[in-house]
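Residue-level structural notes
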Protein chains: 2
Amino acid sequence: MPTSPFAPLNPRERILMGPGPSTVPARILRAMSAPTLGHLDPQFIEYMDETCQLIREVYQTKNLLSFPVSGTGMAGMEAIATNLIEPGDEVIVCINGVFGGRMKDNMERCGATVHTIEVPWGATFDKEAIAEAVQKYPKAKLVGIVHAETSTGAHQDLSGLAEIVHDAKMLLVVDAVTSLGGHELKVDEWGIDAIYSGTQKCLSCPPGLSPVSFSDRAIARIDARKTKVQSWYFDVSMLKNYYTGDGGRAYHHTAPINMIYALRESLAIVVEEGLQNRITRHREMHLLLREGLEALGFCYIPQHSLHTLNCVALPEGIDDAAIRSRLLNEFDIEIGGGLGIFAGKAWRIGLMGHSATKRNVRTLLAALGECI
Amino acid sequence: MPTSPFAPLNPRERILMGPGPSTVPARILRAMSAPTLGHLDPQFIEYMDETCQLIREVYQTKNLLSFPVSGTGMAGMEAIATNLIEPGDEVIVCINGVFGGRMKDNMERCGATVHTIEVPWGATFDKEAIAEAVQKYPKAKLVGIVHAETSTGAHQDLSGLAEIVHDAKMLLVVDAVTSLGGHELKVDEWGIDAIYSGTQKCLSCPPGLSPVSFSDRAIARIDARKTKVQSWYFDVSMLKNYYTGDGGRAYHHTAPINMIYALRESLAIVVEEGLQNRITRHREMHLLLREGLEALGFCYIPQHSLHTLNCVALPEGIDDAAIRSRLLNEFDIEIGGGLGIFAGKAWRIGLMGHSATKRNVRTLLAALGECI
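What counts and how
- Residues numbered from 1 in each chain as written.
- Chains lettered and ligands numbered in written order.
- Predicted model: local features only at pLDDT ≥ 70, side-chain atom pairs only at ≥ 80, totals over all residues.
- Heavy atoms only, no water.
- Helix = DSSP H or I, 4+ residues; strand = E, 2+ residues; numbered from the N terminus.
- Contact = heavy atoms within 4.5 Å.
- 1 Å grid on protein atoms, 1.4 Å probe; cavity = no way out; pocket = protein on both sides within 12 Å on 5 of 7 lines; lining within 4 Å.
- Points joined across faces, edges and corners; volume = space filled by probe spheres on them.
- Nonpolar A, V, L, I, M, F, W, Y, C, P; charged D, E, K, R; others polar.
- Buried area = accessible area lost by both parts, 1.4 Å probe.
- Salt bridge = Lys/Arg side-chain N within 4 Å of Asp/Glu carboxyl O.
- Polar contact = N/O pair within 3.5 Å; in protein donor to acceptor, adjacent residues only side chain to side chain.
- UniProt positions renumbered as here; feature names shortened; annotations may be inferred.
- Buried < 20%, exposed > 50% of the residue type's maximum accessible area, 1.4 Å probe, protein only.
- Core = buried A, V, L, I, M, F, W, Y, C linked by side-chain atoms within 4.5 Å.
- Domains from an automatic or database assignment.
- Pairing = 2+ DSSP bridges.
- Axes fitted to C-alpha atoms, helices over the stretch in contact; angles between N-to-C directions.
- Parallel < 35°, antiparallel > 145°, perpendicular 65-115°, else oblique.
- Left-handed = near helix turned anticlockwise from the far one by under 90°.
- Phe/Tyr/Trp six-rings, centres within 6.5 Å; stacked < 30°, edge-to-face > 60°.
- Lys NZ or Arg CZ within 6 Å of the ring centre and 35° of its normal.

**Considerations on the environment of Gly-100 of chain A**
All names here are of chain A. One can find Gly-100 in helix H4 (residues 98-109). Taking C-alpha positions, Gly-100 is 9.7 Å from Ser-151, a pair spaced 51 residues apart along the chain. If we skip the residues at most four places from it in the chain, Gly-100 touches Val-93, Cys-94, Ile-95, Val-146 and Glu-149.

**Examining empty space enclosed by the protein**
The full count for this structure, using the stated rule, is 5 cavities of 30 Å³ or more. Empty space within the largest cavity amounts to approximately 100 Å³. In this structure, the largest cavity is lined by 13 residues; those nearest its centre are Met-74, Phe-99, Val-177 and Gln-200 of chain A together with Tyr-251 of chain B. Of the residues belonging to the lining of the largest cavity, the class tally is 5 nonpolar, 6 polar and 2 charged. Roughly 50 Å³ of volume is contained in the second largest cavity. As for the second largest cavity, its lining consists of Ser-70, Gly-71, Thr-72, Gly-208, Pro-256 and Met-259 of chain A together with Ser-70, Gly-71, Gly-208, Tyr-233, Pro-256 and Met-259 of chain B. Its residues assigned to classes, the lining of the second largest cavity shows 5 nonpolar, 7 polar and no charged.

**What to know about the interface of chain B and chain A**
Between chain B and chain A, the contact holds 77 residues from the first and 77 residues from the second. Overall, the association of chain B and chain A removes approximately 6,200 Å² of surface from exposure, summing both partners, and the carbon and sulfur fraction of that is 62%. Per-residue buried area on chain B facing chain A is highest for Leu-9, Arg-109 and Trp-232 of chain B; these three make up 13% of the total on that side. Inspection of the chain B/chain A interface yields 6 salt bridges. One salt bridge in this structure joins Lys-228 of chain B and Asp-105 of chain A, with 3.0 Å as the shortest N-O distance. At the junction of chain B with chain A, the criterion picks out 33 residue pairs in polar contact (both at pLDDT 80 or more). Secondary-structure elements contributing two or more residues to the side of chain B that touches chain A are helix H1 (26-32), helix H2 (42-59), helix H3 (73-84), helix H4 (98-109) and helix H9 (257-273) of chain B. When residues in the side of chain B that touches chain A are grouped by element, the largest group, 9 residues, is from H9 of chain B.

**Quick look at the UniProt feature "modified residue: N6-(pyridoxal phosphate)lysine" (unreviewed entry) in chain A**
Residue and element names in this part refer to chain A. Under the present numbering, the feature "modified residue: N6-(pyridoxal phosphate)lysine" (unreviewed entry) in UniProt falls on Lys-201. In this structure, Lys-201 sits in the loop between strand S9 (194-196) and strand S10 (210-214). Since its relative accessible area comes to 6%, Lys-201 is described here as buried. What Lys-201 contacts, discounting residues up to four positions off in sequence, is Pro-19, Gly-20, Ser-22, Thr-150, Val-177, Thr-178, Met-352 and Gly-353.

**Quick notes on the nonpolar core**
If you look at the biggest cluster of nonpolar residues, it comprises 200 residues, and the most contacted ones within it are Met-107 and Phe-214 of chain A together with Met-107 and Phe-214 of chain B. For Met-107 of chain A, the contacting residues outside a window of four places in its chain are Ala-81, Ile-85, Val-91, Val-93, Ala-112, Val-114, Leu-142 and Val-173 of chain A. Membership of the second largest hydrophobic core comes to 25 residues, among which are Ile-15, Met-285, Leu-351 and Val-361 of chain A.

**Describing the domain arrangement of chain A**
All names here are of chain A. Taken domain by domain, chain A comprises domain 1 (15-21 + 276-371) and domain 2 (26-271). The distance between the C-alpha centroids of domain 1 and domain 2 comes to 27 Å. The interface of domain 1 with domain 2 comprises 26 residues on the first partner and 28 residues on the second. In total, domain 1 and domain 2 occlude about 2,000 Å² of area from one another, counting both sides; carbon and sulfur atoms represent 62% of this. Considering only the side of domain 1, the residues that lose the most area to domain 2 are Arg-278, Ile-279 and Leu-306, jointly responsible for 28% of the buried surface there. On inspection of domain 1 and its partner domain 2, the count reaches 0 salt bridges. There are 10 residue pairs in polar contact (both at pLDDT 80 or more) connecting domain 1 and domain 2. Contributing elements (two or more residues each) for the side of domain 1 that touches domain 2: helix H10 (275-295) and strand S12 (309-313). At 4 residues, H10 tops the list of elements feeding residues into the side of domain 1 that touches domain 2. Split into classes, the residues belonging to the side of domain 1 that touches domain 2 amount to 12 nonpolar, 12 polar and 2 charged.

**With respect to the sheet that holds strand S3 (residues 90-95) of chain A**
All names here are of chain A. The strand order across the open sheet formed by 7 strands is S2-S10-S9-S8-S5-S3-S4, and the pairing between neighbours is mixed. Both outer strands of the open sheet, strand S2 (66-69) and strand S4 (113-118), are each paired with one neighbouring strand and no more. Within this sheet the neighbouring strands show an average axis-to-axis angle of 20°, counted without direction. As judged from the 4 bridges shared by S2 and S10, these two strands associate in the antiparallel manner. Considered in S10, the bridge of Val-69 is made with Ser-210. Relative to the sheet, helix H2 (residues 42-59) contacts S2, S9 and S10, its axis offset from that of S2 by approximately 110°.

**Describing the packing of H10 of chain A against helix H12 (residues 358-371) of chain A**
All names here are of chain A. Here H10 crosses H12 at 15°, and the two axes come no closer than 10 Å. Looking at the two axes, H10 sits roughly parallel to H12. Here H10 and H12 pass one another in a crossing that is right-handed. In this structure, H10 contributes Met-285, Leu-288, Leu-289, Gly-292 and Leu-293 to the contact, and H12 contributes Lys-358, Val-361, Arg-362, Leu-364, Leu-365 and Leu-368. Of the residues that constitute the contact of H10 with H12, the class distribution is 8 nonpolar, 1 polar and 2 charged.

**Points about the packing of aromatic side chains**
What the rule picks out here adds up to 17 aromatic pairs over all chains. On the basis of an interplanar angle of 65° and a centroid distance of 6.1 Å, the ring pair of Phe-234 of chain A and Tyr-233 of chain B is categorised as edge-to-face. Of the two residues, Phe-234 of chain A is situated in the loop between helix H7 (216-223) and helix H8 (236-244) and Tyr-233 of chain B in the loop between helix H7 (216-223) and helix H8 (236-244); the pairing between them involves two chains. Looking at Phe-234 of chain A, the relative accessible area reads 1%, which means it is buried. We classify Tyr-233 of chain B as buried; its relative accessible area is 1%. Following the ring pairs from residue to residue traces out a cluster consisting of Tyr-233 and Phe-234 of chain A together with Tyr-233 and Phe-234 of chain B. Just above the ring of Tyr-300 of chain A sits the side chain of Arg-290 of chain A; from NZ or CZ to the centre is 4.0 Å.

**Thoughts on unusual backbone geometry**
Leaving glycine aside, a negative phi is the common case for residues, and trans is the common case for peptide bonds. A cis amide bond, omega 0°, links Gly-20 of chain A with the succeeding residue Pro-21 of chain A. Of note, Pro-21 of chain A is situated in the loop between strand S1 (15-16) and helix H1 (26-32). Look at Lys-169 of chain A: it is not a glycine, yet its phi comes out positive at around 65°. Tracing the backbone shows Lys-169 of chain A in the loop between helix H6 (161-167) and strand S8 (171-175). For Lys-169 of chain A, a relative accessible area of 68% puts it in the exposed group. In this structure, Ser-204 of chain B takes a positive phi of about 55° despite not being glycine. By the secondary structure assignment, Ser-204 of chain B is in the loop between strand S9 (194-196) and strand S10 (210-214).

In structure tokens:
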């Protein structure tokens, strides 16, 4: 028998309650391990079409151009930035944490002049601030904003923003990495023009794909480009042939077949549970956890907290790394440390998708009670 | 019981003998469906380190910066192009099929002035042609060439090219999507500076990752950049912290955990079989298939054929689409049609990784014999 230089794969069965990935249900892992088809196989094209249809349902949109970008959540961000921005464009980005800052960085790399508006980490933007920015930078082509700031746990209200942004002939671009499938997110009703998310958060699918959606307004902007998209891999003008059937399913790149299986299964689970039921479950689990955390002396950092991610300040005397290690090693529970300026000062506790259960909330609170 | 709007996932068990993906062994599918860990979990970091070490082994390189890009094969191409090229750079690209042309397109999008040298589809480049190009375009920063042209089945000899390229102070960039794990490929001995491949070809892992490797010479070029890499997602200066441990495993993006499990398993299988044994197996299966195809009246298009991909001209009177459909529907065998100028004129029959077996060769020949 040949011997392998490496031990057999045997990952521990963690309860994943960090900022993502969340725990993946066995049903999704099983779907992912179904036999691999070719990316042009008619049967696979059917699965892909169903997956795109499910993405539309969960985003609550009719946008034809809704598909999974072949990369993790940040690939979705880049796909949107590279397609919507041409060198020299002005854009507005709202920053209240790491991911707004990342959007700025990404858009600058696309050649944009980025005007930022900022509020303190943990805070969110009101409509007036957006209206003011839009007036101050009238040449901007788009406004980028984060729905669910994974670094601070802040929940941005998006309703009513599109009117302001569209009146100024700009596009509304949204980061929904930590909200899709866990929070109310109405792409059509809220007038969102381009949105990206990740599979490994509230969909409880392994990381590896980024569901995106583009409105007709966004597509018109892309169609009117004077320059080639600077990324070949993310060029929507080519990708749409494959994902929407427009142009005859032309081969662009080899789609990540088994990841698509997993995403399709995870989205079907969302539809089976019912999107509204799922959103309610996330809210209820958040309230249950919040009550327990506050009883233990933790304070929530954001004024408007996400249900899917609970960002709390570390009380005096708590040893960040030591306790997170104990949770991981003694209880097989992962929670997240602070990110950016919150490193060492906050914890981020995810309640996403399959991880958002009463059993997990009670287990975590019990484990924390023992550790602190 | 909740009902799902979609039928349960039930992909057919195809024999994948197209230009990729190849058939994925059950062992790899099983590994992929192991419990998902967090991307910063110490146990996952260990699996990632092992995966990078296995990538080095299979590429026959000591390059520290060897890792799986979080996207399919073309993401690896883009990761290399965006990191090595600055706007205004001149480069040389060798084109003898679709994938050389794609490299040109990609590098132009990075702002490069691309000088091309071309030979007819199916032909390969001799050293003299490279030496001439290097002399003609002395300002070029790199030479890009395809080791295994998936569109034509041509096998490019790479030995001896590095001396020419390095003497001219250029970097040697190689597309090895269809050769890694199936053909001899000596990154260090052949002086390759940057190379990319895909998981779904001769490694028989599902599509979704692109193993890449950068030489010290390439890293020095990246370190000397005057401009930011235009892609945030593919920026090696940030990615290397996570993949090599340099800078303390800083979080960049969420790695596709379960795909890494699958890649680690597929590379372990290569090492268990023995790289040389595996290369020999691919050669033997190619010869067996070739004999059978020629007996059926097919002619190979390339002068130097890959073992991993057999590109044959369609004889007069053969109905391309109808026969490929019969193979798929009656025999569950996938082979590939022609790509680019070969569409409708050629077939591409893959013998990659787990698909390269005597059983598959005999089955395909028998099925073909019945269909034509």
